[in-house]
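The primary structure of each chain is shown beneath.
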Amino acid sequence: MKNCNESRVRARYESFWNGDNDTPLLCVVAPKDNARWDDAPAAPDEIAQRWLDAEYVIARNRYILENTAYIGEAFPVFFANFGPDILGAILGCEIEFGDDTSWAVHAAEDIASLPPVRFDENSKWFRRMMEMTQALLSDSRGDYAVGNNDFHTGLDALVSMIGPEQLCVDLLTERETVEQRLHECADAYEQIFARENRLIRSKQNFSTNWMGHYSRKNWYVTSCDFSALISPAMFEELAIPYLKREMRALDRSFYHLDGKDALRHLPALLALPELDGIQWVYGAGAPTARHWIPLLQQIQA
């Protein structure tokens, strides 16, 4: 891979996964000394095409790669990034794009009116994801890594389809239907992830994703951002079983713990033997990293 110490990256990450590292991984991504930011590829006029046009996306990625130094354990990673609602889109919602983010257009008003969730390999969003991933793999030629997509599964997938407020209501009034749709989402996600992962591993002998970690074995980062809105009991009942299912399909796994309102679920996460690590994101407006050292030590214990 370009602009990084690839042999160091491979060795250090395998040491990390095996628990043999005696110093933390350090990833620094910074402009090269001779970086030129004045000749970026021309962006399409339509905002959506800045995300969907493979030729432009690859040109932009190449431009970033050529002007960036990846220091320590950092290495260049790109993936078919359509935003965090791609799983929901494959399963039925739509996506709207902004300059630097995207959001879901819900598929139904509530869980009762949401049709059964099924994976359709002819879904336009699945085809777009796979075509973009293939385009990246064809272009990379070892210059950069191609990662798995940013999938938000389980309760987060239902948030994409009906919205967080409505899901809170439906958990109280339509619990049985929510549980059925969760099971359907899990079945569909297994197929989607397996298809994408097979494509990537057919061209690349290691695994990575949006988090930017390297692994010879299959790994992924699990999450449930909706957990900030529910109790520990509800998290144990409606999130943990599906997180376990996702983790058991992997060789290595992380959990993305996002924000102080999700900290109530840390004991349940630390009790999972399938989980290899936790990424703690304290979020905007929270105390800085130094404040959370005792929490990080609790996670490491």
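Since the structure is predicted, the reported quantities are computational estimates derived from the model, not experimental observations.

Rules of the game
Each chain has its residues counted from 1, running along the sequence as written. This being a predicted model, a pLDDT of at least 70 is required before a residue's local features are given, and a value of 80 or more before pairs of side-chain atoms are given or counted; all residues contribute to the totals for chains, interfaces and linings. To obtain the side-chain values, all non-hydrogen atoms of the structure were used and water was disregarded. Only runs of H or I of at least four residues qualify as helices and only runs of E of at least two qualify as strands under DSSP, and these elements are numbered from the N terminus. Note on classification: 1.4 Å probe, protein chains only; a residue is buried when its accessible area is under 20% of the maximum for its type, exposed when over 50%, partly exposed between these limits. Contacts are assigned to residue pairs that have any heavy atoms within 4.5 Å of one another. By convention in these notes, a salt bridge is any Lys or Arg side-chain nitrogen within 4 Å of a carboxyl oxygen on Asp or Glu. Axis angles are defined between N-to-C directions and span 0 to 180 degrees, where every axis is a line fitted to C-alpha atoms and, for a helix, only to the segment in contact. Each angle is binned into one of four classes, with values under 35 degrees roughly parallel, values over 145 roughly antiparallel, values of 65 to 115 roughly perpendicular, and all other values oblique. When the near helix sits turned anticlockwise from the far one by under a right angle, the crossing is termed left-handed; a clockwise turn instead gives a right-handed crossing. Residue classes follow a fixed rule: Ala, Val, Leu, Ile, Met, Phe, Trp, Tyr, Cys and Pro count as nonpolar, while Asp, Glu, Lys and Arg count as charged, and any other residue, Gly among them, counts as polar. A helix's residues, less one, multiplied by 1.5 Å, set its expected span. Here a polar contact means two N or O atoms within 3.5 Å. Within protein one must be a hydrogen donor candidate and the other an acceptor candidate, and residues neighboring in sequence count only if both atoms are side-chain atoms. DSSP bridges decide pairing: two strands pair if at least two such bridges lie between them. Among buried residues, the Ala, Val, Leu, Ile, Met, Phe, Trp, Tyr and Cys ones that are joined through side-chain atoms within 4.5 Å form a nonpolar core. Patch membership needs two things, relative accessible area over 30% and no salt bridge, and members are linked within 9 Å if like-charged or within 5 Å if nonpolar (Val, Leu, Ile, Met, Phe, Trp, Tyr). Computed with the Shrake-Rupley method and a 1.4 Å probe, the accessible areas treat only the protein chains shown as cover for residues.

With that settled, the discussion passes to the side chain of S227. Among the secondary structure elements, S227 is positioned in the loop between β7 (219–223) and α9 (232–238). What makes S227 buried here is its relative accessible area of 1%. With near-sequence residues (within four places) excluded, S227 lies in contact with F235, Y255, A262, R264 and H265.

Enumeration according to the criterion identifies 21 salt bridges in this entry. Residue K2 is joined to E66 by a salt bridge in which the shortest nitrogen-to-oxygen separation is 2.7 Å. Highlighted residues: K2 in the segment before α1 (6–17) and E66 in helix α3 (residues 54–66), separated in sequence by 64 residues. Given a relative accessible area of 27%, K2 falls into the partly exposed group. The residue E94 makes a salt bridge to K124 at a minimum N-O spacing of 3.1 Å. Taken together, the residues E94 in strand β4 (residues 94–97) and K124 in helix α5 (residues 124–140) connect sequence positions 30 residues apart. You can call E94 partly exposed: its relative accessible area is 31%. Given a relative accessible area of 34%, K124 falls into the partly exposed group. By sharing partners, the salt bridges in this structure join R62, D139, R141 and D143 into a single network.

Interhelical geometry of helix α6 (residues 155–162) versus helix α7 (residues 164–173) gives an angle of 115 degrees and a closest axis separation of 7 Å. When the interaxial angle is binned, α6 and α7 end up roughly perpendicular. Of the two elements, α6 crosses α7, and the hand of that crossing is right-handed. Side by side, α6 and α7 meet where L155, L158, V159 and I162 of the first sit next to P164, Q166, L167 and D170 of the second. Here the residues of the contact of α6 with α7 sort into 6 nonpolar, 1 polar and 1 charged.

Turning next to α3. Taking 1.5 Å as the rise per residue, α3 with 13 residues should run 18 Å; its terminal C-alpha atoms sit 18 Å apart, in good agreement. Each element contacted by the buried residues of α3 is listed here: α2 (49–52), β2 (68–72), β3 (77–78) and α5. At the N-terminal end of α3, a side-chain oxygen is found 3.0 Å from the backbone nitrogen of E55, two or three residues along, and the residue is D53.

Quick look at the sheet that holds strand β9 (residues 277–281) now. Strand pairs in the sheet, formed through backbone hydrogen bonds, run parallel or antiparallel to each other. The parallel open sheet is built from 3 strands, whose spatial order is β7-β8-β9. The sheet is open, and its two edges are formed by β7 and β9, each paired on a single side. Mean inter-strand twist for the sheet, computed between neighbouring axes without regard to direction, equals 25 degrees. Both strand β8 (residues 252–258) and β9 contribute to a ladder of 5 bridges, which runs parallel. Looking at the pairing, H256 lines up with Q279 of β9. Lying on the sheet, α1 is in contact with β7 and β8; it crosses β8 at an angle near 80 degrees.

In this structure, D38 sits in the loop between β1 (27–31) and α2. Separated by 155 residues in sequence, D38 and F193 have C-alpha atoms that sit 38 Å apart.

With that out of the way, let us pick up the nonpolar core. M129, F235 and L269 are the most contacted members of the largest nonpolar core, which totals 94 residues. Once residues lying within four places of it in the same chain are set aside, the contact partners of M129 are A80, F82, I86, I90, N149, F151, I192 and E196.

On the surface, L26, V28 and I71 cluster together to form a nonpolar patch covering roughly 250 Å² of accessible area. By relative accessible area, V28 is classed as partly exposed at 32%.

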